[in-house]
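# Descriptive analysis of the structure
Chain residues, written in single-letter form:
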Amino acid sequence: MTTLEKDPDAGAGGAPGDPLVVLEHVDKWYGDLHVLQDINLSVGRREVVVVIGPSGSGKSTLCRTINRLETIDQGSITLDGQPLPQEGKALAGLRAEVGMVFQSFNLFAHKTILENVTLGPIKVRKQSRKDAEARARELLDRVGVGHQADKYPAQLSGGQQQRVAIARALAMDPKVMLFDEPTSALDPEMIKEVLDVMVDLAERGMTMIVVTHEMGFARTAADRVVFMSDGAITEENTPESFFTNPQSDRAKDFLGKILKH
């Protein structure tokens, strides 16, 4: 196996399908607003879970609790059998294990593309610059922007920047990748190039939790669709069952609105 082809979950231990991310009875409030209501969700190794639902349903908050960008008020979240650390070095270590790709690309404007991708491996993983750069160039080639390595983010299109952000997350060899509406800030012609990279990741066996409005991606790449409304998980099923035969009125209403367009 080359470095590029290696199983992304090899470092996580355990068999495919074993629980990797587990949320149990998770609650979160913003003041009086109950944004996450008794969330129970288990994501297995190499599973792709797509979280969909109307705006304000708690999808992004759910995603952000898994690497503690958002704290929870009740319940527990574990990664690979370990509870999420509260702070300090242990929390930095957790964030190295959980890759995150945001709506906005969050690249460092004053650093080249190559520097953006190597920063984490050098600073956090303590890799040598030579090794980090070799791995970064492989990943940039894999997401189709290897020829842009010496440019700065502002010189790239939005779709290219988001692909760099994916490469940057992968460079840390995470156990799981979180995507929080990764295509919502992109022009339509750029969406496909980012989704293609994500489909490739799914096919390679990366554990992924994806918050998205892209129903085509949910249909083709997801192992399971989780539907949220009003801070709660209303329904979860295979893509085929969910899209052809939603069980809840809330899901039927949501699909009725979005699939007409």
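First, a word on what this report is: a plain description of the structure on this page. Since we're looking at a predicted model, the values are computed, not measured. Every chain is numbered on its own, with residues counted from 1 as its sequence reads. In view of the model being predicted, local features appear only for residues whose pLDDT reaches at least 70, and side-chain atom pairs are presented and counted only at 80 or more, with totals across whole chains, interfaces and linings using the full set of residues. The basis for every side-chain value is the complete set of non-hydrogen atoms in the structure, without hydrogens or water.

To continue, consider the packing of helix α3 (residues 113-123) against helix α4 (residues 129-142). Only the stretch in contact is used when a helix axis is fitted, and all axes are lines through C-alpha atoms; the angle between N-to-C directions ranges over 0 to 180 degrees. By definition, any uninterrupted DSSP run of H or I lasting at least four residues is a helix, any uninterrupted run of E lasting at least two residues is a strand, and each is numbered from the N terminus. Two elements in contact, α3 and α4, have axes whose closest approach is 9 Å; the angle formed by their N-to-C orientations is 125°. Taken together, the axis directions place α3 and α4 in an arrangement best described as oblique. When you trace α3 past α4, the crossing you get is right-handed. Contacts between α3 and α4 pair I113, L114, V117, T118, P121 and I122 from the former with R129, A132, E133, A136, R137 and L140 from the latter. For this scheme, ten residues count as nonpolar: Ala, Val, Leu, Ile, Met, Phe, Trp, Tyr, Cys and Pro. Four count as charged, namely Asp, Glu, Lys and Arg, and the remainder, Gly too, count as polar. Per-class residue counts for the contact of α3 with α4 are eight nonpolar, one polar and three charged. Orientation is classified from the angle alone, with under 35 degrees giving roughly parallel, over 145 giving roughly antiparallel, 65 to 115 giving roughly perpendicular, and any other angle giving oblique. Rotating anticlockwise by less than a right angle from the far helix to the near helix defines a left-handed crossing, while the corresponding clockwise rotation defines a right-handed one. Here a residue-residue contact requires only that any non-hydrogen atoms of the pair lie within 4.5 Å.

A separate point is the sheet that holds strand β9 (residues 224-229). Sheets are built from strands paired through backbone hydrogen bonds, the pairs being either parallel or antiparallel. A pair of strands is treated as paired once DSSP finds two or more bridges between them. Overall, mixed pairing links the six strands, which are arranged β6-β7-β8-β3-β9-β10 in an open sheet. Every interior strand has two partners, whereas the edge strands, β6 (98-101) and β10 (232-237), have only one. Pairs of neighbouring strands in the sheet enclose a mean axial angle of 20°, with direction left out of account. Summarising the sheet, strand β7 (residues 176-180) and strand β8 (residues 207-211) pair through five bridges and their orientation is parallel. Directly across from D180, in β8, lies its bridge partner V211.

Stacked, edge-to-face and tilted are the three classes for Phe, Tyr and Trp ring pairs, Trp counted by its six-membered ring, which pair at centre distances within 6.5 Å; planes under 30 degrees apart are stacked, over 60 edge-to-face, the rest tilted. In this structure the tally under the stated criterion is three aromatic pairs. With a centroid separation of 5.3 Å and 80° between ring planes, the pair formed by F242 and F243 is classed as edge-to-face. When accessible area is computed with a 1.4 Å probe and restricted to protein chains, residues below 20% of their type maximum are described as buried, those above 50% as exposed, and intermediate ones as partly exposed. Overall, the relative accessible area of 0% leaves F242 in the buried class. Here F243 falls in the buried class, since its relative accessible area comes to 7%. Here the aromatic residues F227, F242, F243 and F254 are joined through ring pairs into a cluster of three or more.

Spatial ordering of the open sheet is given by β2-β1-β4-β5, a layout of four strands whose pairing is antiparallel. Unpaired on one side and paired on the other, β2 (33-44) and β5 (82-83) mark the two borders of the sheet. In terms of strand pairing, strand β1 (residues 19-30) meets strand β4 (residues 74-79) through five bridges, oriented antiparallel. Note that in β4 the partner of V22 across the bridge is T78.

Next up on the list: a positive patch on the surface. A surface patch of like charges, here positive, comprises K89, K123, K126 and R129. In this structure, K126 sits in the loop between α3 and α4. Using a relative accessible area of 66% as the deciding quantity, one classes K126 as exposed. For patches, a residue must show more than 30% relative accessible area and have no salt bridge; joins then use 9 Å for like charges and 5 Å for nonpolar side chains, namely Val, Leu, Ile, Met, Phe, Trp and Tyr. What sets the accessible areas is the Shrake-Rupley method with a 1.4 Å probe; for residues, cover comes only from the shown protein chains. Take a side-chain nitrogen of Lys or Arg and a carboxyl oxygen of Asp or Glu: if they are within 4 Å of each other, that pair is a salt bridge. Asp and Glu count as negative and Lys and Arg as positive, but His and the ends of the chain are not part of the count. In plain terms, the charge of a residue is placed at NZ if it is Lys, CZ if Arg, CG if Asp and CD if Glu.

Turning to the pattern of salt bridges, a few remarks are in order. Under the definition given, this model contains 15 salt bridges. Between R204 and D200 there is a salt bridge, with its nearest N and O atoms 2.9 Å apart. Among the residues examined, R204 registers a relative accessible area of 30% and is labelled partly exposed. For D200, a relative accessible area of 27% corresponds to the partly exposed category. Beyond isolated ion pairs, a larger network of salt bridges with shared partners links K28, R64 and E70.

What follows is about the pairing of strand β3 (residues 48-52). Burial runs high along β3: five of the five residues are buried. The alternating pattern of β3 places V48, V50 and I52 on one face and V49 and V51 on the opposite face, and all of these are buried. Two elements, β3 and β8, share four bridges in a ladder whose sense is parallel. Bridge pairing in β8 links V48 to M208. Two elements, β3 and β9, share four bridges in a ladder whose sense is parallel. Across the sheet, the residue bridging to V49 is R224, located in β9.

Nothing here speaks to function; it is geometry throughout.
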